[in-house]
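What the coordinates show
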2 protein chains.
Amino acid sequence: MTYCLAMRLDEGLVFMSDTRTNAGIDNISAYRKLHILKPTDDRIFVLQSAGNLATTQEVLDRIQRDLQSPGDHENLATVGRLFEAALYIGRLGREVSRNHSQALSAVGADGTATFILGGQISGFPADLLLVYPEGNYIRASDDHPFLQIGESKYGKFMLEIAVEAEAGLIAATKIALGSMMSTARANLSVGPPYDLAVYQNNSLQIDEFRITADSALLSRLEVLWQKHILNAVAELPSVADFEELAGRPSVAFSG
Amino acid sequence: MTYCLAMRLDEGLVFMSDTRTNAGIDNISAYRKLHILKPTDDRIFVLQSAGNLATTQEVLDRIQRDLQSPGDHENLATVGRLFEAALYIGRLGREVSRNHSQALSAVGADGTATFILGGQISGFPADLLLVYPEGNYIRASDDHPFLQIGESKYGKFMLEIAVEAEAGLIAATKIALGSMMSTARANLSVGPPYDLAVYQNNSLQIDEFRITADSALLSRLEVLWQKHILNAVAELPSVADFEELAGRPSVAFSG
């Protein structure tokens, strides 16, 4: 499994990916799933991947080859808009997984991959898109300006709270980390190191960080979540004392 | 879908269930999924259900019929231990779903149900068991003394924090509500009213509450989660300022 998330904020974009990959529970490795691509000076992309590792690696190799090969074929340097980059990556993903689908399905394996593509092409706003294995895409919405791929359920709550509170770029990185930690704690196939990329609108450059398992930041965050969630609980009136519920009789049925 | 959770604490047991049922997205109803059964004075059970609604209703009807029919057949009044009650309910669940399996599988429907059974038989400690559709069961463990059935992922984080902090009965009811709310917010097929049951060890009686969608308690809780989670975030040092990460160069690859 995998967990990648990305947020679109007023100031810019925040990306976070875990690095754990597994082929069965007894074959676990760490691979980068967050890739920064700057094919020309007028654009920058962050590509996050979930799904078949071999497929995502071949897609990245093809992206690189298309950039380095002469000719007028489509590549990340020639696309005019972010959605065209998404369609291009979607096409590569579909082609790669189709090439291997017969051999993979013979052993019951799934060769598909899903991507989050974010970034900016000069002259257009920064944006986030999710590219499906089928090659089509959706954009992060104004109501829910975040995207998740992989194991998305455990960490969704914190992203929603962040969005409702209109968090800034700095706060959003911490919330991303909280969302990642809740997921890793619940699903063994998601784990550190975590890659974090932060993009400030119109800067055309990415700040990137790697957070390791022994990070003091992670342990501090863990303590703080616990403290504040328990504080939230402590401040709440007791269910039994709450006026609307007081005096309700017990319900029971007997034989 | 459904979300039911139960916690075993030093002082007693806490149970919470949503009430939403759906047969497709355009056919949504509210049904009770938390049932209190007191077949004799020396025992009390709470039964929570997820899965096929018809199956769970027929299981409840059979439990009732077994209690009311004369004879020496097994029922909830005659079982000597909680695990025997779990096996009895597991057998009923398996029988009911098997009776309907041919007709259901012909239309692609699943007739199975999963249960949480909690409570106490006088002379034995209170406990929690999860009964699988196959009729076997597991017990809540000392490390993770809570059980969940249905849509369990979204609300797991809060239960874990509660357990680590060794919350009391009152705090646990609030955490149960928080866990339920995070789930309902993420999954439309989980929704209010919520049924809450609280059992104090050796009391052999249950306090039961129903929390409706317009509950002031729910809106207060929502505000408090947001406030405290954002406080936790605000207290964390900025990722970029954090010593262990400072001065890391950006990584990029270009065509």
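Remember, it's a predicted structure, so these values are computed and weren't measured experimentally. (Residues numbered from 1 in each chain as written. Chains lettered and ligands numbered in written order. Predicted model: local features only at pLDDT ≥ 70, side-chain atom pairs only at ≥ 80, totals over all residues. Heavy atoms only, no water.)

**Some points on the overall build of chain A**
Counted only if it meets this: The numbering of helices and of strands both runs from the N terminus, where a helix is a DSSP run of H or I of at least 4 residues and a strand a run of E of at least 2. The rule is simple: take the accessible area with a 1.4 Å probe, protein chains only, and divide by the maximum for that residue type; under 20% is buried, over 50% is exposed, in between is partly exposed. In what follows, a contact means two residues having at least one pair of non-hydrogen atoms within 4.5 Å.
When helices and strands are counted, chain A shows five helices and twelve strands. Overall size of chain A, expressed as C-alpha extent along the three principal axes, is 80 × 45 × 35 Å. The 255 residues of chain A split such that 53% are buried. Taking as baseline every contact in chain A between residues at least 6 positions apart, the subset at least 24 positions apart corresponds to 63%.

**Focus on the pattern of salt bridges**
All names here are of chain A. Going by this rule: For salt bridges, the criterion is a side-chain nitrogen of Lys or Arg within 4 Å of an Asp or Glu carboxyl oxygen.
According to the stated counting rule, one finds 30 salt bridges over all chains in the structure shown. Here glutamate 95 and arginine 91 are joined by a salt bridge, their closest N and O atoms 3.2 Å apart. Placement of both glutamate 95 and arginine 91 in helix α2 (residues 82–106) is noted, with a separation of four residues, approximately one turn of the helix. For arginine 139, the salt bridge goes to aspartate 127, with nearest N and O atoms at 2.7 Å. Pair noted here: arginine 139 is in strand β9 (residues 137–139) and aspartate 127 is in strand β8 (residues 127–131), with a separation of twelve residues, a long-range link. Judged by its relative accessible area of 42%, arginine 139 falls in the partly exposed class.

**Observations concerning helix α1 (residues 53–68) of chain A**
Residue and element names in this part refer to chain A. What counts, and what does not: What a helix should span is 1.5 Å times the count of its residues minus one. As used here, the arc is the angular range of directions from the helix axis to the C-beta atoms. Definition of a polar contact: a pair of N or O atoms within 3.5 Å, with one able to donate and the other able to accept a hydrogen when the atoms are protein atoms, and with sequence-neighbouring residues admitted only if both atoms are side-chain atoms.
Taking 1.5 Å of rise per residue, 16 residues should cover 22 Å, and α1 covers 23 Å from first to last C-alpha, within 8% of that figure. If you check which residues of α1 are buried, you get Thr55, Thr56, Val59, Leu60, Arg62, Ile63, Asp66 and Leu67. The arc that holds the buried residues of α1, viewed along the axis, is 160 degrees, so those residues lie on one side. Facing away from the buried side of α1 by more than 90 degrees, the exposed set consists of Ala54, Asp61 and Gln68. Buried-residue contacts for α1 involve β5 (34–37), β6 (43–51), α2 and β7 (113–121). The N-capping residue of α1, defined by a side-chain oxygen 2.9 Å from the backbone nitrogen of alanine 54, is asparagine 52.

**Concerning the sheet that holds strand β10 (residues 146–150) of chain B**
Residues and elements named next belong to chain B. The cut-off we apply is this: Here a strand pair is declared whenever DSSP counts at least two bridges between the two strands. To get an axis, a line is fitted to the C-alpha atoms, and for a helix only the part in contact is used. The angle between two axes follows their N-to-C directions and goes from 0 to 180 degrees.
Within the open sheet, the five strands sit side by side as β10-β1-β2-β11-β12. Their pairing is antiparallel. Where the open sheet ends on each side, the last strands, each with one partner, are β10 and β12 (206–211). Pairs of neighbouring strands in the sheet enclose a mean axial angle of 10 degrees, with direction left out of account. Relative to strand β2 (residues 12–17), helix α4 (residues 169–186) is tilted by about 20 degrees, and along the sheet it contacts β1 (3–8), β2, β11 (194–200) and β12.

**Quick look at the side chain of aspartate 127 of chain B**
All names here are of chain B. Residue classification places aspartate 127 among the buried positions, given a relative accessible area of 12%. Only 2.9 Å separates the side chain of aspartate 127 from the side chain of arginine 8, close enough to count as a polar contact. Those residues in contact with aspartate 127 that lie beyond four places of it in its chain are Arg8, Leu13, Leu82, Leu117, Gly118, Gly119 and Arg139.

**Some points on the pairing of strand β12 (residues 206–211) of chain A**
Residues and elements named next belong to chain A. For strand β11 (residues 194–200) and β12, the ladder comprises six bridges, and the chain directions are antiparallel. Looking at the pairing, alanine 197 lines up with glutamate 208 of β12. Counted along the chain from β11 to the antiparallel partner β12, the turn is five residues long, and its residue asparagine 202 has a positive phi close to 70 degrees.

**Points about the environment of glycine 123 of chain A**
Position of glycine 123 of chain A among the secondary structure elements: in the loop between β7 and β8. A sequence separation of 42 residues divides glycine 123 of chain A from arginine 81 of chain A, and the C-alpha atoms of the two residues are 9.6 Å apart.

**Some thoughts on α4 of chain B**
Over its 18 residues, α4 of chain B extends 26 Å from the first C-alpha to the last, a length consistent with the 26 Å expected when each residue adds 1.5 Å. Counting buried residues along α4 of chain B, 15 of its 18 residues qualify, which places the element largely inside the surrounding structure.

**What about the environment of aspartate 195 of chain A?**
Residues and elements named next belong to chain A. The topology assignment puts aspartate 195 in strand β11. As a C-alpha pair, aspartate 195 and threonine 78 span 117 residues in sequence and 28 Å in three-dimensional space. Only 2.7 Å separates the side chain of aspartate 195 from the side chain of arginine 210, close enough to count as a polar contact.

**Brief notes about the packing of helix α3 (residues 156–164) of chain A against helix α5 (residues 216–235) of chain B**
Pairs of packed helices are described in terms of their axes, by the angle between the two and the distance that separates them. To keep it simple, the criterion reads: By the definition adopted for this analysis, an angle is roughly parallel if under 35 degrees, roughly antiparallel if over 145, roughly perpendicular if from 65 to 115, and oblique otherwise. Classes in brief: Ala, Val, Leu, Ile, Met, Phe, Trp, Tyr, Cys and Pro nonpolar; Asp, Glu, Lys and Arg charged; the others, Gly included, polar.
Close contact between α3 of chain A and α5 of chain B brings their axes to 10 Å; oriented N to C, the two are set at 90 degrees. When the axes of α3 of chain A and α5 of chain B are compared, the pair comes out roughly perpendicular. Taking contact as the criterion, the partners of Phe157, Ile161 and Glu164 of chain A in α3 of chain A are, on α5 of chain B, Trp225, Gln226, Ile229 and Leu230 of chain B. When its residues are assigned to classes, the contact of α3 of chain A with α5 of chain B shows five nonpolar, one polar and one charged.

**Re the confidence of the model for chain A**
Residues and elements named next belong to chain A. Note the following rule: Confidence of the prediction at every residue is given by pLDDT, a number between 0 and 100.
Put simply, chain A has an average pLDDT of 88, and 93% of its residues get 70 or more. Here helix α5 (residues 216–235) is the element of chain A with the lowest mean pLDDT, 79, and β7 is the one with the highest, 98. In this model residues 249–255 is a low-confidence stretch, pLDDT under 50, and it forms 18 contacts with partners more than four residues away in sequence or in other chains. Prediction confidence for the complex, expressed as pTM and ipTM, is 0.82 and 0.72 respectively.

**Things to note about the nonpolar core**
So the rule is basically this: We call a set of buried residues a nonpolar core when its members are Ala, Val, Leu, Ile, Met, Phe, Trp, Tyr or Cys and they connect through side-chain atoms within 4.5 Å of each other.
If you look at the biggest cluster of nonpolar residues, it comprises 72 residues, and the most contacted ones within it are Met7, Met16 and Trp225 of chain A together with Met7, Met16 and Trp225 of chain B. The contact partners of methionine 16 of chain A, leaving out residues within four places of it in the chain, are Tyr3, Cys4, Leu5, Leu34, Gln48, Ala176, Leu177, Met180, Tyr194, Asp195, Leu196 and Ile211 of chain A.

**Overview of the sheet that holds strand β1 (residues 3–8) of chain A**
Residues and elements named next belong to chain A. The strand order across the open sheet built from five strands is β10-β1-β2-β11-β12, with neighbouring strands paired in antiparallel fashion. Looking along the sheet, the strands with just one partner apiece sit at the ends: β10 (146–150) and β12. On average, adjacent strands in this sheet sit at an angle of 10 degrees to one another, irrespective of strand direction. The sheet contact formed by β1 and strand β2 (residues 12–17) spans five bridges and is antiparallel.

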